[in-house]
Amino acid sequence: MEEQHRRRPHYKGTHPHTYEEKYKELNPEKYPETIEKVIGKGSTPAGMHIPIAVNEILNVLCIKPGESGLDCTLGYGGHTRRLLGALGYPEGGSGHLTALDIDRENMTRTEEMLREEGYGENALTVMYLNFAELDRAAVEKGPFDFLLADLGVSSMQIDDPSRGFSYKREGPLDLRLDQSKGETAAERLAGMDRDEIEGMLTENADEPYAAEIAKAITASYRKKQKIETTTELAVLVEEAVADAVKGQEGLKKADIAELQKKSCTRTFQALRIDVNHEYESLYSLLEKIPNVLAPGGRAAILTFHSGEDRMVKKMFKEQKKQGLYSEISADAVRPTEEECRRNPRARSAKLRWVVK
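Keep in mind that this is a model prediction, so the values were computed, not measured. (Residues numbered from 1 in each chain as written. Predicted model: local features only at pLDDT ≥ 70, side-chain atom pairs only at ≥ 80, totals over all residues. Heavy atoms only, no water.)

A. Here's a closer look at the sheet that holds strand β6 (residues 327-328). A sheet is described by the order of its strands in space; here seven strands give the open sequence β3-β2-β1-β4-β5-β7-β6, paired in mixed fashion. Both edges of this open sheet fall to β3 (124-128) and β6, since each of them pairs with a single strand only. (Pairing = 2+ DSSP bridges. Helix = DSSP H or I, 4+ residues; strand = E, 2+ residues; numbered from the N terminus.)

B. The arrangement of the packing of helix α12 (residues 278-292) against helix α13 (residues 306-321) in detail. Across the interface, α12 lies against α13 with an axial gap of 11 Å and an inter-helix angle of 25°. Classed by the angle they form, the pair α12 and α13 counts as roughly parallel. Crossing of α12 against α13: the hand is right-handed. Contact residues: α12 offers E278, Y279, L282, Y283, L286, E287 and P290, while α13 offers G307, E308, M311, V312, M315, F316 and Q319. In terms of residue class, the contact of α12 with α13 is built from nine nonpolar, two polar and three charged. (Axes fitted to C-alpha atoms, helices over the stretch in contact; angles between N-to-C directions. Parallel < 35°, antiparallel > 145°, perpendicular 65-115°, else oblique. Left-handed = near helix turned anticlockwise from the far one by under 90°. Contact = heavy atoms within 4.5 Å. Nonpolar A, V, L, I, M, F, W, Y, C, P; charged D, E, K, R; others polar.)

C. Fine view of the nonpolar core. Core analysis: the biggest nonpolar cluster contains 34 residues, and L173, L189, I197, M200, I217, L233 and L271 have the highest contact counts within it. Per-element accounting of this core gives the leading share, seven residues, to helix α10 (residues 230-245). Non-local contacts of L173, meaning those with residues more than four positions away in its chain, are made with T184, A185, A186, L189, I227, E228, T229, T230, L233, F268 and L271. Within the second largest apolar cluster, 30 residues are counted, among which are I63, L114, F304 and A349. (Core = buried A, V, L, I, M, F, W, Y, C linked by side-chain atoms within 4.5 Å. Buried < 20%, exposed > 50% of the residue type's maximum accessible area, 1.4 Å probe, protein only.)

D. Local environment of the packing of aromatic side chains. What the rule picks out here adds up to one aromatic pair. Summarising the aromatic geometry, the rings of F316 and Y325 are spaced 5.9 Å apart at their centres and angled 80° between planes, so their arrangement reads as edge-to-face. Y325 shares its class with F316; the two are buried. The ring of Y128 carries the charged tip of R104 above its face, separated from the ring centre by 3.5 Å. (Phe/Tyr/Trp six-rings, centres within 6.5 Å; stacked < 30°, edge-to-face > 60°. Lys NZ or Arg CZ within 6 Å of the ring centre and 35° of its normal.)

This is the structure:
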């Protein structure tokens with residue numbers, strides 16, 4: 001029986017402001033015109049994830065029907081659908097795709113959605129695995145003819161305030177990709193000293209005001225003021241940046257606001273990387289890729305910040321010298337300007353590829 005359509009949540013004013021109030025964006029299949037308007041303005045609708053650099057990925061992977069592939073990051077299924085489409089699914093396809101994820105909630109929802117769209121067990125296998133454990137997937141489904149790893153956090157995760165990924169929305173300071181285990185960002189931050197926080201911000205995000213932000217965070221704990229929400233951390237970062245640039249000539253309020261915004265973004269990025277051990281997982285992924293690819297197999301990695309891209313670039317070059325790859329990308333492939341205009345989250349994306 002089809003679920004009865006409910007009236008929209010009540011909100012003040014002419015436009016919804018909170019995640020829960022965006023009833024049209026959270027039900028994109030019912031309001032296609034609204035969704036197109038949101039995307040046309042360069043925004044990602046709440047409750048949706050727009051896959052990035054799809055054409056560029058398909059171009060470098062050169063997928064053929066009958067091949068076996070690995071999608072290391074299922075997410076909301078945006079890239080997964082296109083990879084399956086290259087195999088000829090949902091109708092008349094051949095070959096198989098294995099998809100991994102560690103976000104149980106998103107993974108379950110995405111798999112249900114893909115099954116309903118006609119992608120059966122013959123086409124797709126979904127596994128609850130960190131991509132650092134791709135060798136475990138290869139034991140059952142490998143070797144793979146093509147492989148994709150999209151290292152970005154999905155828009156679904158960013159937009160949901162209960163996940164704590166964005167400083168723009170009030171929510172618990174969590175930031176775990178897998179909420180079933182491990183420390184939350186609030187717990188992790190509370191256990192770090194000033195030098196550790198500064199080092200994390202510098203190493204994970206190249207934060208120019210790392211020292212000032214680390215000082216502000218540790219000072220808050222000394223005053224017995226816990227940092228448990230996204231807003232509480234964002235306010236501390238903004239205050240630290242404002243103090244650091246105080247008195248600098250030529251800086252207007254708008255300039256300071258922009259510096260604060262960038263530092264908040266980098267701080268949350270650095271903390272997310274630390275909480276989820278993302279660099280360690282990426283190193284393990286890169287180390288194992290040659291072992292899970294079939295001869296002539298292609299792999300593509302989509303990164304979203306300089307630390308990740310440096311690691312991928314360096315590892316691919318070293319592995320090429322070791323004879324593990326026959327060919328690697330000379331330069332990073334970037335999304336088109338048109339895509340970046342329609343989806344600003346694509347601007348930082350870089351795609352690198354290899355052939356075994």
